[in-house]
Amino acid sequence: MNEQLLHEPWLTWAMQIQAIAQNGLTYCKNVYDIERYEQLRDIAAKMLSYKTAIPKDKVKQLFCHEQGYQTPKIDTRAAIFKDDKILLVQESNGLWSLPGGWCDVLESINSNTIKETREEAGLDVVPQFIIAIHDQHKRNYPPFAYAVFKTFVMCELVGGEFQPNSETIASAYFGLNELPPMAEEKNTPAQVELCFQAHHSNKPWITQFD
């Protein structure tokens, strides 16, 4: 895993160029300026493609398709404990993660945590408190080509049962010392360990944030 990529300044530069271009395309009416902003988007995509070996068309699909003023995305992850073990779900690539995903337009952090846990783990939960809000670029690899706020939410399990679905193929509870291979762009072992710290805390938990 090339963690050095997390600290490369060019990634920040490419993101800034993309944000300037997207914001310009949102508000600009002049056809010549629109062409220039489109060029800036293309340059940002080329930078990412050159440094990551991801095809430029793929980068543009992931990075340069949105409209409107660019703001960070929100990702929610549920921390669910049972017998001092944490619930993880397994994806088709064999890697494991806390159940969660992108916060949809009509969802809040609370409702999205409930929805994603039901969809990926088949479980019904009650969100209790926010453990942490992390900047994905500072904590996870590979970094995405846009800003992401990863929100980890402590949840109380109230029912349900796992069923294989389009997103996950298995679920299981793991102790801190027996974690399986993780999908680290979604959550790292260190982030799971932070969930354990919140679970074991004897004091009211203070949300950590970047």
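Parameters and conventions
- Residues numbered from 1 in each chain as written.
- Predicted model: local features only at pLDDT ≥ 70, side-chain atom pairs only at ≥ 80, totals over all residues.
- Heavy atoms only, no water.
- Helix = DSSP H or I, 4+ residues; strand = E, 2+ residues; numbered from the N terminus.
- Contact = heavy atoms within 4.5 Å.
- Core = buried A, V, L, I, M, F, W, Y, C linked by side-chain atoms within 4.5 Å.
- Buried < 20%, exposed > 50% of the residue type's maximum accessible area, 1.4 Å probe, protein only.
- Pairing = 2+ DSSP bridges.
- Expected span 1.5 Å × (residues − 1).
- Salt bridge = Lys/Arg side-chain N within 4 Å of Asp/Glu carboxyl O.

A. Region of the structure containing the side chain of S49. Considering the arrangement of structural elements, one finds S49 in helix α2 (residues 31-52). Setting aside anything within four residues of it in sequence, one finds S49 in contact with I54, P55, K56 and V59.

B. Inspection of the nonpolar core at higher detail. Core analysis: the largest hydrophobic core is formed by 18 residues, its most contacted members being A79, F81, I86, L88, L98, I131 and C195. Residue assignment for this core shows that the elements contributing at least two residues are β1 (73-82), β2 (85-90), β5 (123-135), β6 (148-160), β7 (170-174) and α6 (189-200). Per element, the largest residue contribution to this core is five residues, and it comes from α6. Excluding residues within four positions of it along the chain, I131 makes contact with A79, F152, V153, M154, L194, C195, A198, W205, I206, T207 and Q208. If you look at the next biggest cluster of nonpolar residues, it comprises nine residues, including V89, L123, V125 and V153.

C. Highlighting the pairing of β1. The element β1 is extensively covered by neighbouring structure, given that seven of its 10 residues are classed as buried. With eight bridges connecting them, β1 and β6 associate as parallel partners. What sits directly across from R77, in β6, is F152. In this sheet, strand β4 (residues 100-102) lies alongside β1 in antiparallel orientation, the contact comprising three bridges.

D. Local environment of helix α4 (residues 109-121). Across its 13 residues, α4 extends 17 Å between first and last C-alpha, which sits within 8% of the 18 Å expected from 1.5 Å per residue. Listed in full, the buried residues belonging to α4 are N112, T113, K115, E116, T117, E120 and A121. As for α4, its buried residues are in contact with β1, β2, β4, β5 and β6. Just past α4, the residue G122 takes up positive phi, approximately 70 degrees.

E. Geometry of the pattern of salt bridges. Considering all chains together, one arrives at 11 salt bridges under this definition. We note a salt bridge from K115 to D104, for which the minimum N-O separation is 3.1 Å. One end of the pair, K115, is in helix α4; the other, D104, is in the loop between β4 and α4, with 11 residues separating them in the sequence. Overall, D104 belongs to the partly exposed group, its relative accessible area being 37%. E119 is the partner of K115 in a salt bridge, and the nearest nitrogen-oxygen pair spans 3.7 Å. Taken together, the residues span about one helical turn, with K115 and E119 both in helix α4 at a distance of four residues. The exposure class of K115 is buried, given its relative accessible area of 16%. Assessed through its relative accessible area of 36%, E119 is described here as partly exposed. Bridged by salt links that share partners, the residues D104, K115, E116 and E119 form one connected network.

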